[in-house]
Structure formats: C-alpha cells, structure tokens
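This is what each chain is made of:
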Amino acid sequence: MENQTTVMEFILLGVADDDQLQYVLLTNLLVTYILTLTGNILIITVTLINHHLQTPMYFFLRNFSISEIGLTTTVIPKALANLALGKNPISLRGCLTQTFLYFMLGTTEFLLLAVMSFDRYVAIRKPLRYLTIMNSQVCSLLVITAWVGGAVLILSPSVVYFQMPFCGSNIINHFFCDSTLMIELKCGNTKVLECINFISAVFTLLRSLAITAVSYINIITAVVKIPSAAGRQKAFSTCASHLTVVSMAYGSCIFMYLIPTPSNSLDLSKVVSISNTVVSPLLDPLIYSLRNTQFQEALRESTK
C-alpha cells in the first residue's frame, strides 16, 4: 500500500540543470514573455481606442488577447523565477491554483475561438443583417458565456481532483503543474480521475471544434458561390488569420490531452506545451495584425 503523505510543495523538473543553458532559456523566455504581453496589450489598446475597430470581431479578439495574457502569466513568471533562482519548488496551493487557472483560461480560449468562428459565419452568410444579429447584447452574452463556461467546465472536475490526496513523491517532470502528470502522484485508484479528465478534454476540445468546423463549412459553401474572384479572396482573407490560430491551438492540445502517448515521449510533450503556452500567445497577435489591413491602419492612426 502506498504511503499517504501531506504534500506541502512540489518540485518542477522542466528546466535544465546546466547553468549556461539555464541562462539562455531564461533570456529567451523573458524576451518572449515581454513580446507576448506587448503584442496582446497592443491589440487590446488599439481595439479599445480606435472607433473603426468597435465591431463584434474586434470585441471578441480583445477578449481572446486578455485570455492569452492570463494563460501565459499563469505559467511563465513561475518558470522564469525557477530559472533565475536555480530552484524549482512550488507550493501545493500554488500548484493547484496554477492547474485550475491554466485549464480554465485554456477552455475559455477554445470557447472564444468557437464564438469568433460563429461571428465570421454570420458576417459572410448574412452580411446585411450582421450588425443586427451580432448586436452589443448578443456579443456580451457570448463573451460572458465563454468566460463563465470556461470556469464551470473546469470547476467540476477540479472538485474531484483537489479532494484526492497525494502519495509519496512530489516530483513533477514538467515546467508547470500539468494535471496529467500530477494524477500519477495521487493516492489510490486514479482511473476515475483519468476518465473525468479525458471526458472533460473531449467535451471541451471536440465540442468547440465542432462549432468551428460547422461554421467554416457554411462559410466555405457561401464563399464559393460568390461570383467574383476578388470577392472570394476578400471573404477568405477575413477568416485566414482566425483559421491559422485555430489550427495551432487545437493541434497542440489534442496532441497533449486526447492522444495517448508513452512515457518516453514526455520531452516531446514538453515541447508541445511550450508551443501552447509560449509560442502561440506570441504569434497570435502577429497573425491577427500582420494579415489585417484595417488593424494596421488603426495602429498607424493611433501612433500619430
């Protein structure tokens, strides 16, 4: 029988032991985090102050940027502190809080991506009624649903997860408190907990992905009926940025939480986690701004 212990802190092993490599990682991660904050804060600021961007699409994008800032801030500052100090502890309360916030904000992002897909569907399929359908009340309700839904969907599994005690080892072979690895440190039979986690991931990822897929199927059927090539290109260009972000977000999370991976692929899982928590939040503002002439014009106006 496993020795049940009162775990007060965990040790994260997701950073390198070599001092020189730690310095390189610290520098790169710090620069990336600053650029991520700058890019997302820029999107939030410009979409707030420019009257040309007071539209549903940018309202949703602003909330998405807020969730991106929250997601990276949940993980990266602690990883930076561990690299700077050369120590990797995190308290039990801190670890559980990080786990909850990471998955809550991640779930909110997927719901927001589904909402943004629906917004593009309405804009292309019903352009004359777009502002009537996507009025301020509807947009606010959709955003509130995404934020509250993200919390509710993660809260229920978390209640079961947090009640089960930990046994023996407190070593987490990752750079943040990923619940998938923490389950292995729980006492007793964890099959129920693993099943709950898997069902929650399937429900969150695949259901929001289904909404996105249905929206884009309808978008494509509408776009191909547009008679002019210029009109089709313009319609597709409004969706290209969002579709790129959707592909990156769903691809990494489906790999991490829905596809069974052997223990020897843990390093690969860390790389994918870095993509999800570091690379994507950095690239998303660039994707939305570089491919969006309206945003670029608004940015130029704001800097004058």
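Where an unreviewed UniProt entry is consulted, the protein appears under the name Olfactory receptor, with the organism given as Fregata magnificens. UniProt, in its Subcellular location (unreviewed entry) section for the protein, records the words "Cell membrane". UniProt, in the comment section headed Sequence similarities (unreviewed entry), describes the protein in these words: "Belongs to the G-protein coupled receptor 1 family."

Colleague: Looking at this structure, I do not really get the overall build of the protein. What am I missing?
Modeller: If you tally the helices and strands in the protein, you get ten helices and three strands. Across the protein, the fraction of contacts at a sequence separation of at least 24, relative to all contacts at a separation of at least 6, is 79%. For the protein, the exposed surface amounts to about 15,500 Å²; the carbon and sulfur share of it is 67%.

Colleague: It is not clear to me how the sheet that holds strand S1 (residues 9-12) should be interpreted in this structure. Could you clarify?
Modeller: Pairing between the strands of a sheet is mediated by backbone hydrogen bonds and can be parallel or antiparallel. The sheet built from three strands is open, its strands ordered S2-S1-S3 with mixed pairing. Each edge of the open sheet carries a strand with a single partner, namely strand S2 (89-91) and strand S3 (171-172). Where S1 and S2 come together, three bridges link them in antiparallel fashion. Pairing of Phe-10 across the sheet is with Ile-90, part of S2. The strands touched by helix H3 (residues 92-125) within the sheet are S1, S2 and S3, with S2 carrying the most contacts at an inclination of about 85°.

Colleague: Would you take a moment to explain a nonpolar patch on the surface for this structure?
Modeller: A contiguous nonpolar patch, built from Ile-274, Val-279, Leu-283 and Leu-286 and spanning about 280 Å² of accessible area, is present on the exposed surface. Assignment of secondary structure puts Leu-286 in helix H9 (residues 266-290).

Colleague: Just to check I follow, could you spell out helix H7 (residues 191-223) for this structure?
Modeller: An α-helix turns once every 3.6 residues. As a result, residues three or four positions apart point the same way. Between its first and last C-alpha atoms H7 spans 46 Å; for 33 residues at 1.5 Å apiece the expected length is 48 Å, and the two agree. Residues Leu-193, Ser-200, Ala-201, Thr-204, Leu-205, Ser-208, Thr-212, Ser-215, Tyr-216, Ile-219, Ala-222 and Val-223 constitute the buried set of H7. Lining the buried residues of H7 we find H3, helix H5 (136-163) and helix H8 (229-257).

Colleague: What is the right way to look at the pairing of S1 in this model?
Modeller: A regular strand carries its side chains on alternate faces of the sheet. Only one face of S1 is covered, namely the face carrying Phe-10 and Leu-12; the face carrying Glu-9 and Ile-11 is uncovered. Relative to S3, S1 runs parallel, the two sharing two bridges. Paired with Ile-11 across the two strands is Ile-171, which belongs to S3.

Colleague: Sorry, what's going on with the pattern of salt bridges here?
Modeller: Any two side chains of opposite charge can pair if their charged atoms end up close together. Summed over the entire model, instances satisfying the criterion amount to one salt bridge. In this structure, the salt-bridge partner of Arg-120 is Asp-119, at a minimum N-O distance of 2.9 Å. Across the pair, Asp-119 and Arg-120 agree in class, each one buried.

Colleague: Sorry if this is basic, but what is going on with the packing of aromatic side chains here?
Modeller: By convention here, two paired aromatic rings are described through the distance between centres and the angle between planes. A full pass over the atoms with the stated rule returns seven aromatic pairs. Judged by centre distance (6.1 Å) and plane angle (35°), the rings of Phe-118 and Tyr-121 are tilted. One end of the pair is Phe-118 and the other is Tyr-121, both in helix H3 and three residues apart, which spans about a single turn. A connected cluster of aromatic rings, assembled from ring pairs, spans Tyr-102, Phe-103, Phe-175 and Phe-176.

Reading guide: rules and limits
Residues numbered from 1 in each chain as written. Predicted model: local features only at pLDDT ≥ 70, side-chain atom pairs only at ≥ 80, totals over all residues. Heavy atoms only, no water. UniProt positions renumbered as here; feature names shortened; annotations may be inferred. Helix = DSSP H or I, 4+ residues; strand = E, 2+ residues; numbered from the N terminus. Contact = heavy atoms within 4.5 Å. Areas by Shrake-Rupley, 256 points an atom, 1.4 Å probe, with all protein chains shown as cover. Pairing = 2+ DSSP bridges. Axes fitted to C-alpha atoms, helices over the stretch in contact; angles between N-to-C directions. Patch = residues over 30% accessible without salt bridge, like charges linked within 9 Å, V, L, I, M, F, W, Y side chains within 5 Å. Salt bridge = Lys/Arg side-chain N within 4 Å of Asp/Glu carboxyl O. Expected span 1.5 Å × (residues − 1). Buried < 20%, exposed > 50% of the residue type's maximum accessible area, 1.4 Å probe, protein only. Phe/Tyr/Trp six-rings, centres within 6.5 Å; stacked < 30°, edge-to-face > 60°.

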